[in-house]
Amino acid sequence: QIDSTMISIGEDETYTAMAKTVGLPLAIATLAILNKKIKSIGVQLPTSKEIYLPILKELEEYNIKFKEKLVPFKL
């Protein structure tokens, strides 16, 4: 089992953690589509590597990153 965690703390009432973790990925994806870095058409789930890998990489520039650790699977 892989546990993935992410902590984000907002700067103030405008630049909240929610604004950063929802707005930034959307903005990054929008620019990638406009710049033809994402070539998939139509409504897509962000489960394709073409979509999520570049977004996660760019989010690290904004200090938003996930930490993963392997743990034994529990039923």
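The rules behind each value
- Throughout, residues of each chain are indexed from 1 in the direction in which the sequence is written.
- It should be noted that, the model being predicted, local features are given only for residues of pLDDT at least 70 and side-chain atom pairs only at 80 or more, the latter also being counted only at that level, while totals for whole chains, interfaces and linings use all residues.
- The basis for the side-chain values is all heavy atoms of the structure; hydrogens and waters are excluded.
- Cavities and pockets were defined on a 1 Å grid built over protein atoms only: a cavity is a set of grid points that admits a 1.4 Å probe from which the probe cannot escape, a pocket is an open set flanked by protein on both sides within 12 Å along at least five of seven lines, and lining residues are those with an atom within 4 Å of any such point.
- Grid points are joined across faces, edges and corners, and a volume is the space filled by probe spheres set on the points.
- Put simply, DSSP H or I for four residues or longer makes a helix, DSSP E for two residues or longer makes a strand, and each gets a number counted from the N terminus.
- Here the term charged refers only to Asp, Glu, Lys and Arg, the term nonpolar to Ala, Val, Leu, Ile, Met, Phe, Trp, Tyr, Cys and Pro, and the term polar to all other amino acids, Gly among them.
- In these notes, a set of buried Ala, Val, Leu, Ile, Met, Phe, Trp, Tyr and Cys residues joined through side-chain atoms within 4.5 Å is what counts as a nonpolar core.
- Per-residue accessibility, obtained with a 1.4 Å probe over protein chains only, is compared with the maximum for each type, and a residue is labelled buried under 20%, exposed over 50%, and partly exposed between these values.
- Should any heavy atoms of two residues lie within 4.5 Å, those residues are counted as being in contact.

K.L.:
What am I meant to see in the layout of surface pockets here?
P.N.:
Sizing a probe to match a water molecule and rolling it over the atoms shows the empty space that remains. Taken as a whole, the largest pocket encloses approximately 270 Å³ of empty space. Lining of the largest pocket is provided by 14 residues; of these, Thr 21, Pro 25, Leu 26, Pro 46 and Ile 55 occupy positions nearest its centre. Looking at the lining of the largest pocket, the elements with two or more residues in it are α1 (17-34) and α2 (49-59). In terms of residue class, the lining of the largest pocket is made up of 13 nonpolar, 1 polar and no charged. Its volume calculated, the second largest pocket comes out at about 160 Å³.

K.L.:
Help me out: how do you make sense of the nonpolar core in this one?
P.N.:
General note: in soluble globular proteins, nonpolar side chains tend to be found buried as a group. If you look at the biggest cluster of nonpolar residues, it comprises 9 residues: Leu 24, Ile 28, Ala 29, Ala 32, Ile 38, Ile 51, Ile 55, Leu 59 and Ile 64. Among the secondary structure elements, those contributing two or more residues to this core are α1 and α2. Of all the elements, α1 adds the most residues to this core, at 4 residues. If sequence neighbours within four positions are ignored, Ala 29 has contacts with Ile 38 and Ile 55.

Coordinates in, geometry out; function isn't part of it.
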